[in-house]
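These are the residues of each chain, in order.
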Amino acid sequence: MKQKKITKIVLITISVLFIGVMLILPLFSIIVSALKEGVGFYLKAISTEYVRSALFNTLLATGMAVVVNTFFGIAAAWLLTKFSFRGKQVLATLIDIPFSISPVIVGLAFLMTFGRLGWIYPALRAINQALGTNIRITFALPGVVLVTIFVTFPFVSREIIPILNAQGKDEEEAAALMGANGFTIFRKITLPQMKWGLIYGIILCTARALGEFGAVNALSKTRGETFTLPLEIDALYMSGTDTSITAAFAVSSILVLIAVVVLILRNLFEYQSKRNGRKYERN
């Protein structure tokens with residue numbers, strides 16, 4: 001018993017030290033550095049035209065990624081857990097591709113697909129000539145949105161699939177035997193089952209989209225037009241002056257604060273999910 005207690009104390013100490021040094025201390029240093037020149041400079045740094053544009057682009061790309069991946073995640077999870085079909089395992093494997101590919105490679109892949117040397121570019125140019133438009137994918141907001149969707153692709157579906165697998169098909173099959181149609185079964189049975197996993201997946205998707213750098217960097221060129229917050233932070237930091245570096249930390253603090261809010265929401269939903277799970281087990 002004494003040995004077990006000592007082991008527990010040692011593990012807790014190691015965990016606290018590691019989290020403190022590797023996570024809390026760097027984030028705290030960002031806040032301190034952001035306020036190095038005073039509150040006035042901080043407010044000025046986070047309210048420039050470049051930062052406002054980058055914040056808008058970040059929120060736009062994140063919002064689009066969450067909407068698209070939520071819709072796809074629900075559809076894919078429902079399909080993979082409730083239906084049997086040929087190629088099911090292949091589809092499940094393809095969903096995980098963004099987990100195994102570097103974001104920089106993703107950006108280059110989209111560049112070679114939609115850019116001037118890409119195989120889709122001739123069709124895009126023909127459409128622009130026919131309609132008199134100037135639709136662009138690379139080095140424009142559509143490209144930023146597309147790569148953000150790609151890198152956050154699996155998060156929602158991968159949170160829902162284990163939950164639906166654990167629930168099984170019995171309730172849906174019973175409802176179908178009683179005459180309920182597919183949409184009613186989904187709305188009354190499947191959706192409530194996946195609710196907490198869906199919310200958790202949306203939060204993870206949001207957090208990942210907000211901080212994406214590599215893939216977006218490959219398809220974003222113009223500061224103040226297509227830059228997101230991570231790219232704006234990099235541009236400020238690489239400027240090299242004392243004020244620009246402090247401004248970079250100031251803008252970084254926006255992402256830190258958003259991350260803290262996302263973390264709090266995640267823990268709240270995780271707690272609520274576990275609480276509901278205990279109620280379900282008792283019933």
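Cut-offs applied
Residues numbered from 1 in each chain as written. Predicted model: local features only at pLDDT ≥ 70, side-chain atom pairs only at ≥ 80, totals over all residues. Heavy atoms only, no water. Helix = DSSP H or I, 4+ residues; strand = E, 2+ residues; numbered from the N terminus. Buried < 20%, exposed > 50% of the residue type's maximum accessible area, 1.4 Å probe, protein only. Contact = heavy atoms within 4.5 Å. Areas by Shrake-Rupley, 256 points an atom, 1.4 Å probe, with all protein chains shown as cover. Lys, Arg positive; Asp, Glu negative; His and termini not counted. Charge placed at Lys NZ, Arg CZ, Asp CG, Glu CD. Axes fitted to C-alpha atoms, helices over the stretch in contact; angles between N-to-C directions. Parallel < 35°, antiparallel > 145°, perpendicular 65-115°, else oblique. Left-handed = near helix turned anticlockwise from the far one by under 90°. Phe/Tyr/Trp six-rings, centres within 6.5 Å; stacked < 30°, edge-to-face > 60°. 1 Å grid on protein atoms, 1.4 Å probe; cavity = no way out; pocket = protein on both sides within 12 Å on 5 of 7 lines; lining within 4 Å. Points joined across faces, edges and corners; volume = space filled by probe spheres on them. Nonpolar A, V, L, I, M, F, W, Y, C, P; charged D, E, K, R; others polar. Salt bridge = Lys/Arg side-chain N within 4 Å of Asp/Glu carboxyl O. Polar contact = N/O pair within 3.5 Å; in protein donor to acceptor, adjacent residues only side chain to side chain.

Trainee: Please explain the overall build of the protein chain as it appears in this structure.
Mentor: Looking only at helices and strands, one finds 14 helices and 0 strands in the protein chain. C-alpha atoms of the protein chain, sized along the principal axes, occupy 75 × 65 × 30 Å. Within the protein chain, the proportion of its 283 residues that are buried is 35%. Considering only contacts within the protein chain whose residues lie at least 6 apart along the sequence, 74% involve residues at least 24 apart. Summing over all exposed atoms, the protein chain offers an accessible surface of approximately 17000 Å²; the carbon and sulfur share of this is 69%. Placing the 27 positive and 15 negative side-chain charges of the protein chain at their respective mean positions leaves the two points 5 Å apart.

Trainee: Would you mind showing me how to read the packing of helix 3 (residues 49-82) against helix 4 (residues 88-95) here?
Mentor: Packed helix pairs are specified by the crossing angle of their axes together with the interaxial distance, meaning the distance between the axes. With their axes 11 Å apart at the nearest point, helix 3 and helix 4 run at an angle of 150° to one another. With respect to each other, helix 3 and helix 4 are oriented roughly antiparallel. Every pair of crossing elements has a handedness; the one defined by helix 3 and helix 4 is left-handed. Residue-level inspection shows Phe72, Ala76, Leu79 and Leu80 of helix 3 in contact with helix 4, the latter providing Lys88, Leu91, Ala92 and Ile95.

Trainee: Explain unusual backbone geometry to me, please; I cannot follow it from the model alone.
Mentor: What is expected of a backbone is that most residues other than glycine have negative phi and most peptide bonds are trans. A positive phi angle is found at Phe139, which is not glycine, with a value near 55°. Its place among the elements puts Phe139 in the loop between helix 7 (121-131) and helix 8 (141-151). Classification of Phe139 as partly exposed rests on a relative accessible area of 27%.

Trainee: What's the story with the side chain of Asn57 in this structure? I'm lost.
Mentor: Within the secondary structure, Asn57 sits in helix 3. The residues touching Asn57, leaving out its near neighbours within four places in the chain, are Leu141, Glu225, Thr226, Phe227 and Thr228.

Trainee: In this structure, what is going on with the packing of aromatic side chains? I would like to understand it.
Mentor: Two descriptors summarise a pair of aromatic rings, namely the distance from one centre to the other and the angle between the planes of the rings. One pass over the full model with this rule turns up 7 aromatic pairs. With a centroid separation of 4.5 Å and 35° between ring planes, the pair formed by Trp78 and Phe186 is classed as tilted. Separated by 108 residues along the polypeptide, Trp78 in helix 3 and Phe186 in helix 11 (residues 182-210) bring together distant segments of the chain. Given the relative accessible area of 13%, Phe186 is considered buried. Relative to Phe150, the ring of Phe110 has its centre 5.8 Å away and its plane inclined at 80°; by these criteria the two rings are edge-to-face. Remark: Phe150 occurs in helix 8 and Phe110 occurs in helix 6 (residues 103-114); sequence separation between them is 40 residues. Residue class for Phe110 comes out buried when judged on its relative accessible area of 14%. Overall, Phe150 belongs to the partly exposed group, its relative accessible area being 25%.

Trainee: Is there a simple way to think about empty space enclosed by the protein in this case?
Mentor: Where empty space is left becomes clear once a probe the size of a water molecule has been rolled over the atoms. Within the structure shown, the criterion is met by 1 cavity of 30 Å³ or more. Put simply, the largest cavity is a space of about 40 Å³. As for the largest cavity, its lining consists of Thr58, Ala61, Thr62, Thr148, Ala209, Leu210, Glu212, Val216 and Thr228. Counting only elements with at least two residues in the lining of the largest cavity, the list comes to helix 3 and helix 11.

Trainee: Please explain the layout of surface pockets as it appears in this structure.
Mentor: By volume, the second largest pocket is sized at about 360 Å³. Forming the boundary of the second largest pocket are 16 residues, of which Leu255, Val256, Ala259, Val260 and Leu263 lie nearest the centre. Looking at the lining of the second largest pocket, the elements that each hand over two or more residues are helix 1 (2-34), helix 11 and helix 14 (242-282). Residues of the lining of the second largest pocket, tallied by class, amount to 14 nonpolar, 1 polar and 1 charged.

Trainee: Would you explain the environment of Ala248 in this entry?
Mentor: Along the chain, Ala248 turns up in helix 14. Among the residues examined, Ala248 registers a relative accessible area of 2% and is labelled buried. For the pair Ala248 and Ala75, spaced 173 residues apart in the sequence, the C-alpha separation amounts to 40 Å.

Trainee: In this structure, what is going on with the pattern of salt bridges? I would like to understand it.
Mentor: A side chain with one charge can pair with a side chain of the opposite charge if their charged atoms come near. Going through the model one piece at a time under the given rule, you end up with 4 salt bridges. The residue Asp96 makes a salt bridge to Arg158 at a minimum N-O spacing of 2.8 Å. Of this pair, Asp96 sits in the loop between helix 4 and helix 5 (97-100) while Arg158 sits in helix 9 (residues 155-167); the two residues are 62 residues apart in sequence, bridging distant segments of the chain.

Trainee: Explain the side chain of Thr190 here, please?
Mentor: Looking at the element boundaries, Thr190 is found in helix 11. The class for Thr190 is buried, based on a relative accessible area of 0%. A distance of 3.1 Å separates a polar atom in the side chain of Thr190 from a polar atom in the side chain of Glu172. Apart from residues lying up to four places away in sequence, Thr190 is in contact with Trp78, Lys82, Leu164, Glu172 and Ile185.

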